[in-house]
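# Reading the structure
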Amino acid sequence: MQVFLQTLIGGVTFGAVYALVAMGFSIVYRTMGLVNFAHGSVVMIGAYAASTFYLATQLPFAVAIIVAITVTGLIGLIIERFLRPLENKDFTLMLIGTIGFGAVLEAGAVLIWGATGHAVPSPVATGPIDLAGIRIPTYNLVVIAVAAAATGLLALFLQRTKRGAAMQAVAMDHQAATAVGIHVGRSNAMAFAIGAGLAALAGSLIGPMLYVNPTMGGTLGIKGFAAAMLGGFGSMPGAIVGGLAFGLLDAFAAGNFQEYSELVTFLVFAVIVMIRPTGIFGEATVNRA
Amino acid sequence: MKRLAWLVPVAVAAWLLPYGLDGYAIHVADVAVIFAILAVGLGLTMGVAGQINLAQVAFFGVGAYAVAILTTQAGFGFWAAAALALLIAMVFGILVGIPALRMQSHYLGIVTLGLALAFTNWVTNADIAGRAEGISDIPVPPLFGVDLSSGYLFYYVELVVFALALAFALLVTRSPLGRRLRAMRDDDLAAGALGAQIPLLRMTAFVLSGLYGGVAGVLYAGLIRFVAPESFNIANMFLLLAMVIIGGRSSILGCVVGAVALTLLREALLDASGYAQLGYGLVVVLVVVFAPRGLAGLPGQLRLLLRRRRGDGSRAQLGAFLPYEPAPSDAGGNALEVRAVTKRFTGLTALDGVSLTVPAGQIRGIVGPNGSGKTTLFNVISGFYTPTQGSVLLRGQDLTGAAPYRLSLCGVARTFQNLRLFEDLSVRENILVGLDRTPTSWIWRYPSLPWKVLGYERTLRARAGELIERFGLADVADADPRSLPYGIQRRIELARAMAMSPSLLLLDEPAAGLNGEEVRQLGEIVRSIRDSGVTVVIIEHNMGLVMSLCEQVTVLSSGRVIADGRPAEVAVHPDVVAAYLGDSMSTPSEAAVEEASR
């Protein structure tokens, strides 16, 4: 039981990060129909930006996160500008274009930070909380709280602000949105920047839990992507639920199958999406057989 | 075949190449050939068949690891292990391809990528696969006393295998199978309606992918005689993808050029590999944005640019239609019988107990307001939807719920309301897809009887020529359908449907968007088609055409048949008038008036 609960906490923490990655995917996907395979690499850049700034300046971690979000937001804008001619046109080409961007970011990270990577000390100094025999690292609670707060803010933005509503409108029908006077290009660019910002947040948060290195983006990106798919592509609640579900799947696979966890995780994932390609919350414009 | 004549000097050059290379350079050439085989496989799956397969590098790994494990741990000889490895790689291809039956595009990309990661995870941790250190001391492949540990001699083995692999890939792409795969990539619904068995074709694509990956893996094991997980990681998958995209994903030769070019480039930039990856990434992005067809597409793009600059103003013209030889309809009886078909979608009954019987050789009109269920009825008849209740009989044979490809092979052809031509195929190829009536089991002939395939292709081409003449499409035969005016595209779709030599032709609003003269021609064509023995069912809003063309008209409203009879009777039927104009008690809706006055 104790092991189970311990695994559960770990799974939820990673799940919260996967949910942030998946939300970043989803917000870009639903507004412009672009599957951003570079997203994982943006997460990696975010992790590097935050940890480097944190280690170099010794300013609070929150400041480092904000710096990271700014950096990746700019990268997001650049990617969007490049791929704009392909938006809503050729799906496969866009997909491959973003894979190309991912490679560029990864190579860039190797050139700037070197291929080896670095460890990040936990920004929260206090020891783990002991709760009925389960040791919960304080940092895990911080991660979950920050992820929840970010999710809340994003939901508020999408539902309560004019720009957020405009973005929703573009997501539903970009032509109709143009017709009622929404600047679709600007809205898309903003969606991309928000997506990249979420990636940076995820990267910054996961930095102290993993070893920050140039290839972390690949695995994190695929896992976040898989989480989005599990929840239902393009659905924000789906991204959250899918993220948590994937985090738990990952944690329990690691607990039970040790080094084969990745094998088990992806096999289970493949079987689940075979049974339900639309994910838990479904997708209106699902592109399936 | 003459177009391939330039391959001869290339082959001679490839044969003479080792004489000018030192020991290291020949090793690079050996690696380049292996990547070229891999790239051809990925080009077939992704470029030709449109399956986003990001597990190609895993198939490569499966081939190499299978040889390594079988030779070092199970005591197999190299070639026996190689044959088994190919089989294993193809089985792996099928397993990875199964998700393609349920999902496409990015969904498939993620799942295949995940499975590739699962493979790397396994080989890095399994004892049998030598964990992270990999497996060394794979034996040198024996070959009648030839010492294949020499990179020079191994090059010739590779060259022969590569030539065979390339020839087979070219055979596939330039034959009916390749055309079906490309049709499936462009529009799987329309391809299904034209007789392509989509699930089996997707699996075929993955089997090919596994085969090419396996062949490359076997050669790799024989060349390097050492396998380790990092040779099959995601970075190499990306390199392979870059090769295919930069070379031109839908052109097999482009893939080869891309593979060779990038392998050489990688070698040249070995000391600056960080910058090299940056370079590949940037080039891929630039290619995607500016030259979506890659290097192979550049000549075409330039030609298009030149033609535009020159202002080639000649407009494509439709030629006259040459009527079919009249033939008496076979035997009579009912060509189509729809029995009490109901189709419900969640919360909506689109068809509600619809019955209709179309005698052979009739032109039947189906009319009704928008949303009355006409297209749904066509979708049920042509197998896109399975009816909730009721049955569909073709010439007395119950074919309810049969898949579109089966119905197509049974003689049902259809056109679509909003044109579904294959955009990346020329007009001629569109028609050739329709002409190909072979069942998918014919695929076995490609590896075993390639000359028969070529012979069949020649007869198809001859028949396509006749059909193009008949439908007056000679001027536009090799054009890209998207570039043509709407009226011509409608004519192409009709020709493509007739290419299937159907016994039942379903036309969904064939006159939409046509001008008066084109509508008159359409009437003539449909009559001639009927006179050749084909039963025609036509959904149309153009009442003039329906009245003059159809022998019997069925009126649908809100998913029910409200009238059935000769055009003149139906037009004055009180229910029909009410459906179009509203009854006297209520004001007619705008849509209904617009509908009726067309």
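Residues numbered from 1 in each chain as written. Chains lettered and ligands numbered in written order. Predicted model: local features only at pLDDT ≥ 70, side-chain atom pairs only at ≥ 80, totals over all residues.

As a further point, take the overall build of chain B. Counting secondary structure elements, chain B contains 24 helices and 12 strands. Burial statistics for chain B: of 598 residues in total, 48% are counted as buried. Within chain B, contacts between residues separated by at least 24 positions form 75% of all contacts whose residues are at least 6 apart in sequence. (Helix = DSSP H or I, 4+ residues; strand = E, 2+ residues; numbered from the N terminus. Buried ≥ 20, exposed ≤ 12 C-beta atoms within 10 Å, placed from the backbone. Contact = placed C-beta atoms within 7 Å.)

Okay, the overall build of chain A next. For chain A, the count of helices and strands is 11 helices and 4 strands. In terms of overall dimensions, chain A is globule-like: its C-alpha atoms have a radius of gyration of 18 Å, near the 19 Å expected for 289 residues. When the backbone C-alpha atoms are referred to their principal axes, chain A occupies close to 60 × 45 × 35 Å. A burial count over chain A gives 53% of its 289 residues as buried. Here the analysis covers contacts within chain A between residues at least 6 apart in sequence; of these, 76% occur between residues at least 24 apart. (Rg over C-alpha atoms; globule rule 2.2 N^0.38 Å.)

This part takes up the sheet that holds strand β6 (residues 389-394) of chain B. Residue and element names in this part refer to chain B. Taking strand neighbours across the sheet as the criterion, the 4 strands line up as β4-β3-β6-β7 in an open arrangement whose pairing is antiparallel. The sheet terminates laterally at β4 (348-359) and β7 (397-398), the two strands that pair on one side only. Summarising the sheet, strand β3 (residues 334-345) and β6 pair through 5 bridges and their orientation is antiparallel. Note that in β6 the partner of Arg-339 across the bridge is Ser-391. (Pairing = 2+ DSSP bridges.)

On the secondary structure map, A:Gly242 appears in helix α10 (residues 236-257). Residues A:Gly242 and A:Phe225 lie 17 residues apart in sequence; the distance between their C-alpha atoms is 9.6 Å.

This brings us to unusual backbone geometry. Residue and element names in this part refer to chain B. A positive phi angle, near 45 degrees, is found at Ala-340, a position not held by glycine. By the secondary structure assignment, Ala-340 is in strand β3. The partly exposed category is assigned to Ala-340, around which 13 C-beta atoms lie within 10 Å.

To continue, consider the sheet that holds strand β9 (residues 504-508) of chain B. Residues and elements named next belong to chain B. Ordered by their spatial adjacency, 6 strands build an open sheet running β8-β9-β10-β5-β11-β12, and the pairing between neighbours is mixed. On the outer flanks of this sheet lie β8 (412-414) and β12 (560-565), each paired with one strand and no other. The sheet shows a mean angle of 20 degrees between the axes of neighbouring strands, taken without regard to direction. Bridge count for strand β5 (residues 363-367) against strand β10 (residues 535-539) is 4 bridges, and the pairing is parallel. Directly across from Ile-363, in β10, lies its bridge partner Val-536. Helix-sheet contacts for helix α20 (residues 516-531) involve β5, β9 and β10, and the interaxial angle to β10 is about 150 degrees. Its contacts with the sheet put helix α23 (residues 574-581) on β11 (552-557) and β12, and the angle it makes with β12 is roughly 130 degrees. (Axes fitted to C-alpha atoms, helices over the stretch in contact; angles between N-to-C directions.)

Residue and element names in this part refer to chain B. Relative orientation of the contacting elements helix α16 (residues 427-435) and helix α18 (residues 450-470) amounts to 115 degrees, with a least axis distance of 9 Å. As α16 packs across α18, the resulting crossing turns out to be right-handed. Residue-level contacts link Arg-428, Ile-431, Leu-432 and Leu-435 of α16 to Leu-460, Arg-463, Ala-464, Leu-467 and Ile-468 of α18. (Left-handed = near helix turned anticlockwise from the far one by under 90°.)

Turning to the environment of A:Leu59, a few remarks are in order. When you line up the elements, A:Leu59 lands in the loop between α2 (39-57) and α3 (61-83). A:Leu59 sits 57 residues away from A:Gln2 along the chain, and the two C-alpha atoms are 37 Å apart.

Right, let's get into the interface of chain A and chain B. With 40 residues of chain A in contact, the opposing surface of chain B contributes 36 residues. Where the side of chain A that touches chain B is concerned, the elements lending two or more residues are α4 (91-113), α9 (216-231) and α11 (261-275) of chain A. Broken down by element, the side of chain A that touches chain B gets its largest block of residues, 16 residues, from α4(A).

Residue and element names in this part refer to chain B. When the domains of chain B are assigned, the result is domain 1 (24-302) and domain 2 (334-411 + 502-597). If you average the C-alpha positions of domain 1 and of domain 2, the two centres end up 49 Å apart. Contacts between the two partners involve 7 residues from domain 1, matched on the other side by 6 residues from domain 2. In the side of domain 1 that touches domain 2, the residues fall into 4 nonpolar, 3 polar and no charged. (Domains from an automatic or database assignment. Nonpolar A, V, L, I, M, F, W, Y, C, P; charged D, E, K, R; others polar.)

Moving on, we come to α10(A). Taking 1.5 Å per residue as the helical rise, α10(A) with its 22 residues ought to reach 32 Å, and the 31 Å between its terminal C-alpha atoms agrees with that figure. Taken from the residues just after α10(A), A:Gln258 is the one with a positive phi, measuring 40 degrees. (Expected span 1.5 Å × (residues − 1).)

All names here are of chain B. Mean pLDDT over chain B: 86, with 95% of residues reaching 70 or higher. In this model, residues 585-590 is a region of pLDDT below 50 whose contacts with residues beyond four sequence positions or in other chains number 5 contacts. Two numbers describe this predicted complex: its pTM, 0.88, and its ipTM, 0.86. (pLDDT = per-residue confidence, 0-100.)

Next up on the list: the environment of A:Ile99. Locating A:Ile99 in the fold gives a position in helix α4. In the structure, A:Ile99 is positioned 61 residues away from A:Ala38 in sequence and 5.6 Å away in space, judged by C-alpha atoms. In this view, A:Ile99 contacts A:Phe37, B:Phe238 and B:Leu241; residues no more than four positions away in its chain are not counted.

Take the pairing of β10(B) next. All names here are of chain B. Most of β10 is tucked away: 5 of the 5 residues are buried. In β10, alternate side chains face the same way, and those of Thr-535, Val-537 and Ile-539 on one face and Val-536 and Ile-538 on the other are all buried. Judged from the 5 bridges that link them, β9 and β10 form a sheet pairing that is parallel. What sits directly across from Leu-505, in β10, is Val-536.

With that settled, consider α16(B). Residues and elements named next belong to chain B. Of all 9 residues that make up α16, 7 are buried, and the element is covered over most of its length. All buried positions along α16 are accounted for by Val-427, Asn-430, Ile-431, Leu-432, Val-433, Gly-434 and Leu-435. If you follow the buried residues of α16, they end up packed against α7 (176-186), α18 and α19 (486-499).

Another point: the packing of helix α1 (residues 2-32) of chain A against α10(A). Residues and elements named next belong to chain A. Two numbers describe how α1 lies on α10: the axes approach to 6 Å, and their chain directions differ by 140 degrees. By the angle between their directions, the pair α1 and α10 is classed as oblique. Note on packing geometry: the crossing formed by α1 with α10 is right-handed. Here the residues of the contact of α1 with α10 are counted per class, giving 15 nonpolar, 9 polar and 1 charged. (Parallel < 35°, antiparallel > 145°, perpendicular 65-115°, else oblique.)

Residues and elements named next belong to chain B. The pairing of β5 with β11 spans 4 bridges and is parallel. Residue Ile-366 lies in a different strand from β11, and its bridge partner there is Thr-554. Pairing geometry for β11 and β12, over 5 bridges, is antiparallel. Directly across from Val-553, in β12, lies its bridge partner Gly-565. Here β11 hands over to β12 after 2 residues, with Ser-558 in that stretch at a positive phi of 45 degrees.

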